[in-house]
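What follows is the residue order along each chain.
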Amino acid sequence: MKALLLIDIQNDFLPGGSLAVPGGNEIISLANELQPAYDLVVATQDWHPADHQSFASQHPGRQPFEQIDLHGLPQTLWPDHCVQGTAGAEFIPALDQHRIEAIFRKGTNPEIDSYSGFFDNGHRKSTGLADYLRGRGVREVHLCGLAADFCVNFSALDALQEGFQVRFLEAATRAISAEGYARARQELQRRGAQLG
(Lines give C-alpha, C1' and ligand atoms only; values in the text may rest on other atoms or scores of the structure.)
Protein backbone atom coordinates (compact mmCIF):
# COMPACT_ATOMS: atom_id res chain seq x y z
CA MET A 1 0.00 0.00 0.00
CA LYS A 2 1.21 3.50 -0.88
CA ALA A 3 0.70 6.62 1.21
CA LEU A 4 1.08 10.26 0.29
CA LEU A 5 2.68 12.42 2.97
CA LEU A 6 1.83 16.12 2.73
CA ILE A 7 4.61 17.86 4.64
CA ASP A 8 3.92 21.21 6.34
CA ILE A 9 1.78 22.88 3.67
CA GLN A 10 1.08 25.78 6.04
CA ASN A 11 0.50 29.51 5.70
CA ASP A 12 3.79 30.62 7.27
CA PHE A 13 5.73 28.75 4.57
CA LEU A 14 3.94 30.51 1.70
CA PRO A 15 4.97 33.83 0.16
CA GLY A 16 3.90 36.45 2.69
CA GLY A 17 4.38 34.07 5.61
CA SER A 18 7.00 34.52 8.32
CA LEU A 19 9.26 31.77 6.90
CA ALA A 20 8.26 31.87 3.25
CA VAL A 21 9.63 29.19 0.93
CA PRO A 22 10.27 30.70 -2.53
CA GLY A 23 7.56 29.45 -4.89
CA GLY A 24 5.82 27.56 -2.09
CA ASN A 25 2.41 28.47 -3.47
CA GLU A 26 3.27 26.71 -6.75
CA ILE A 27 2.88 23.23 -5.25
CA ILE A 28 -0.68 23.49 -3.96
CA SER A 29 -2.59 22.50 -7.09
CA LEU A 30 -0.26 19.57 -7.68
CA ALA A 31 -0.60 18.40 -4.07
CA ASN A 32 -4.37 18.43 -4.60
CA GLU A 33 -4.16 16.58 -7.93
CA LEU A 34 -1.94 13.86 -6.45
CA GLN A 35 -4.21 12.87 -3.58
CA PRO A 36 -6.83 10.70 -5.38
CA ALA A 37 -4.10 8.35 -6.62
CA TYR A 38 -3.22 7.19 -3.10
CA ASP A 39 -4.76 4.68 -0.70
CA LEU A 40 -3.88 6.87 2.26
CA VAL A 41 -3.14 10.59 2.62
CA VAL A 42 -1.46 11.86 5.79
CA ALA A 43 -0.29 15.38 6.66
CA THR A 44 2.32 16.79 9.01
CA GLN A 45 1.97 20.15 10.69
CA ASP A 46 4.68 22.27 12.27
CA TRP A 47 3.15 23.22 15.64
CA HIS A 48 5.50 25.26 17.81
CA PRO A 49 4.90 26.79 21.23
CA ALA A 50 5.54 30.55 21.20
CA ASP A 51 8.75 30.12 23.23
CA HIS A 52 10.30 27.49 20.96
CA GLN A 53 14.08 27.54 21.31
CA SER A 54 14.59 27.28 17.53
CA PHE A 55 13.24 30.83 17.21
CA ALA A 56 15.90 33.56 16.95
CA SER A 57 13.61 35.75 19.08
CA GLN A 58 14.35 33.48 22.06
CA HIS A 59 18.10 34.21 21.87
CA PRO A 60 18.88 37.91 22.49
CA GLY A 61 21.46 39.26 20.08
CA ARG A 62 20.98 36.41 17.60
CA GLN A 63 19.54 36.75 14.11
CA PRO A 64 17.42 34.38 12.01
CA PHE A 65 19.44 31.80 10.08
CA GLU A 66 22.39 31.90 12.49
CA GLN A 67 23.66 28.51 13.65
CA ILE A 68 23.89 27.62 17.34
CA ASP A 69 24.27 24.54 19.52
CA LEU A 70 20.93 23.74 21.16
CA HIS A 71 21.21 21.09 23.88
CA GLY A 72 23.95 19.28 21.99
CA LEU A 73 22.44 19.50 18.51
CA PRO A 74 23.23 21.95 15.69
CA GLN A 75 20.33 24.35 15.28
CA THR A 76 19.44 26.92 12.65
CA LEU A 77 17.66 29.84 14.29
CA TRP A 78 14.40 30.63 12.50
CA PRO A 79 11.98 33.52 12.43
CA ASP A 80 8.99 32.76 14.66
CA HIS A 81 6.72 30.52 12.57
CA CYS A 82 3.84 28.05 12.81
CA VAL A 83 3.05 29.03 16.38
CA GLN A 84 0.31 26.87 17.85
CA GLY A 85 -3.16 28.30 17.28
CA THR A 86 -2.09 31.09 14.92
CA ALA A 87 -3.20 31.65 11.33
CA GLY A 88 0.39 31.02 10.20
CA ALA A 89 0.25 27.46 11.55
CA GLU A 90 -2.95 26.60 9.68
CA PHE A 91 -2.93 24.59 6.49
CA ILE A 92 -3.10 26.66 3.32
CA PRO A 93 -6.83 27.21 2.63
CA ALA A 94 -6.46 26.11 -1.00
CA LEU A 95 -5.12 22.70 0.11
CA ASP A 96 -7.72 19.96 -0.35
CA GLN A 97 -7.99 18.45 3.12
CA HIS A 98 -10.96 16.09 2.84
CA ARG A 99 -8.77 13.07 1.94
CA ILE A 100 -6.34 13.63 4.83
CA GLU A 101 -6.94 10.77 7.26
CA ALA A 102 -4.49 11.81 9.99
CA ILE A 103 -2.40 14.84 10.94
CA PHE A 104 0.87 14.46 12.83
CA ARG A 105 2.01 17.59 14.64
CA LYS A 106 5.70 18.18 15.27
CA GLY A 107 7.98 20.71 16.92
CA THR A 108 5.80 20.82 20.03
CA ASN A 109 8.67 20.46 22.52
CA PRO A 110 10.19 23.92 23.04
CA GLU A 111 13.62 22.43 23.77
CA ILE A 112 14.20 20.60 20.47
CA ASP A 113 13.32 21.21 16.83
CA SER A 114 11.58 18.64 14.66
CA TYR A 115 12.05 18.84 10.91
CA SER A 116 10.94 15.27 10.24
CA GLY A 117 7.37 14.09 10.48
CA PHE A 118 8.67 10.94 12.17
CA PHE A 119 11.04 12.10 14.95
CA ASP A 120 12.48 15.18 16.59
CA ASN A 121 15.92 16.24 15.38
CA GLY A 122 17.69 14.20 18.04
CA HIS A 123 15.57 11.09 17.42
CA ARG A 124 14.66 11.25 21.10
CA LYS A 125 10.91 11.06 20.60
CA SER A 126 8.75 9.57 17.86
CA THR A 127 5.62 11.23 16.53
CA GLY A 128 4.04 7.80 16.01
CA LEU A 129 3.84 8.29 12.24
CA ALA A 130 5.89 5.18 11.34
CA ASP A 131 3.77 2.93 13.56
CA TYR A 132 0.59 4.46 12.17
CA LEU A 133 1.70 3.79 8.59
CA ARG A 134 2.78 0.24 9.36
CA GLY A 135 -0.53 -0.35 11.12
CA ARG A 136 -2.32 0.65 7.94
CA GLY A 137 -0.20 -1.73 5.85
CA VAL A 138 1.82 0.98 4.14
CA ARG A 139 5.09 -0.14 2.54
CA GLU A 140 5.80 2.83 0.29
CA VAL A 141 5.56 6.56 1.00
CA HIS A 142 5.61 9.43 -1.48
CA LEU A 143 6.39 12.86 -0.07
CA CYS A 144 5.63 16.41 -1.15
CA GLY A 145 5.37 19.76 0.58
CA LEU A 146 7.61 22.37 2.21
CA ALA A 147 10.47 22.76 2.42
CA ALA A 148 12.37 20.34 0.19
CA ASP A 149 15.73 20.89 1.91
CA PHE A 150 14.43 20.66 5.46
CA CYS A 151 11.18 19.06 6.54
CA VAL A 152 10.46 17.04 3.40
CA ASN A 153 14.08 15.91 3.21
CA PHE A 154 14.35 14.84 6.85
CA SER A 155 10.96 13.10 6.68
CA ALA A 156 12.15 11.16 3.63
CA LEU A 157 15.41 10.16 5.34
CA ASP A 158 13.55 8.94 8.42
CA ALA A 159 11.06 7.04 6.27
CA LEU A 160 13.99 5.23 4.65
CA GLN A 161 15.48 4.49 8.06
CA GLU A 162 12.11 3.08 9.16
CA GLY A 163 12.15 0.66 6.23
CA PHE A 164 9.69 2.29 3.85
CA GLN A 165 10.26 2.60 0.12
CA VAL A 166 10.46 6.33 -0.55
CA ARG A 167 9.64 8.49 -3.55
CA PHE A 168 10.42 12.19 -3.29
CA LEU A 169 7.97 14.07 -5.53
CA GLU A 170 10.26 16.88 -6.64
CA ALA A 171 7.68 18.72 -8.75
CA ALA A 172 5.50 19.14 -5.65
CA THR A 173 8.21 20.49 -3.34
CA ARG A 174 10.09 23.78 -3.08
CA ALA A 175 13.31 24.49 -1.19
CA ILE A 176 14.49 27.35 0.98
CA SER A 177 17.97 27.07 -0.57
CA ALA A 178 18.94 25.58 -3.93
CA GLU A 179 22.38 24.71 -2.56
CA GLY A 180 20.90 23.03 0.50
CA TYR A 181 18.54 21.01 -1.65
CA ALA A 182 21.34 19.91 -3.99
CA ARG A 183 23.15 18.43 -0.97
CA ALA A 184 19.93 16.87 0.36
CA ARG A 185 19.15 15.37 -3.03
CA GLN A 186 22.54 13.64 -3.20
CA GLU A 187 22.02 12.11 0.24
CA LEU A 188 18.49 10.96 -0.62
CA GLN A 189 19.75 9.22 -3.75
CA ARG A 190 22.66 7.67 -1.86
CA ARG A 191 20.23 6.30 0.73
CA GLY A 192 17.98 4.77 -1.93
CA ALA A 193 15.10 7.22 -2.34
CA GLN A 194 13.50 7.56 -5.77
CA LEU A 195 13.29 11.12 -7.01
CA GLY A 196 10.92 12.45 -9.59
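Quantities reported herein were computed from a predicted structural model and do not represent experimental measurements.

Colleague: So, unusual backbone geometry: which residues are in play, and what are the values?
Modeller: In this model, leucine 146 is joined to alanine 147 through a cis peptide bond whose omega is -10°. If you trace the backbone, alanine 147 turns up in the loop between strand E6 (140-146) and helix H3 (151-161). Despite not being glycine, aspartate 8 has its phi angle at roughly 55°, a positive value. With respect to the secondary-structure elements, aspartate 8 resides in the loop between strand E1 (2-7) and helix H1 (28-34). For histidine 71, which is not glycine, the phi torsion reads 55° and is therefore positive. Tracing the backbone through its elements, the reader meets histidine 71 in the loop between strand E3 (67-70) and strand E4 (73-76).

Colleague: Mind laying out the UniProt feature "domain: Isochorismatase-like" (unreviewed entry) in the chain, listing which residues take part and the relevant values?
Modeller: Summarizing the sequence annotation, UniProt attributes the feature "domain: Isochorismatase-like" (unreviewed entry) to residues 3-194 in the numbering used throughout. Helix makes up 20% of residues 3-194 and strand makes up 23%, while its end C-alpha atoms are separated by 15 Å.

Colleague: So what about the environment of asparagine 32? Which residues, and what values?
Modeller: With respect to the secondary-structure elements, asparagine 32 resides in helix H1. Residues asparagine 32 and alanine 94 lie 62 residues apart in sequence; the distance between their C-alpha atoms is 8.7 Å. In contact with asparagine 32, other than residues within four places in its own chain, are Ala94, Leu95 and Asp96.

What counts and what doesn't
Residues numbered from 1 in each chain as written. Predicted model: local features only at pLDDT ≥ 70, side-chain atom pairs only at ≥ 80, totals over all residues. Heavy atoms only, no water. Helix = DSSP H or I, 4+ residues; strand = E, 2+ residues; numbered from the N terminus. UniProt positions renumbered as here; feature names shortened; annotations may be inferred. Contact = heavy atoms within 4.5 Å.

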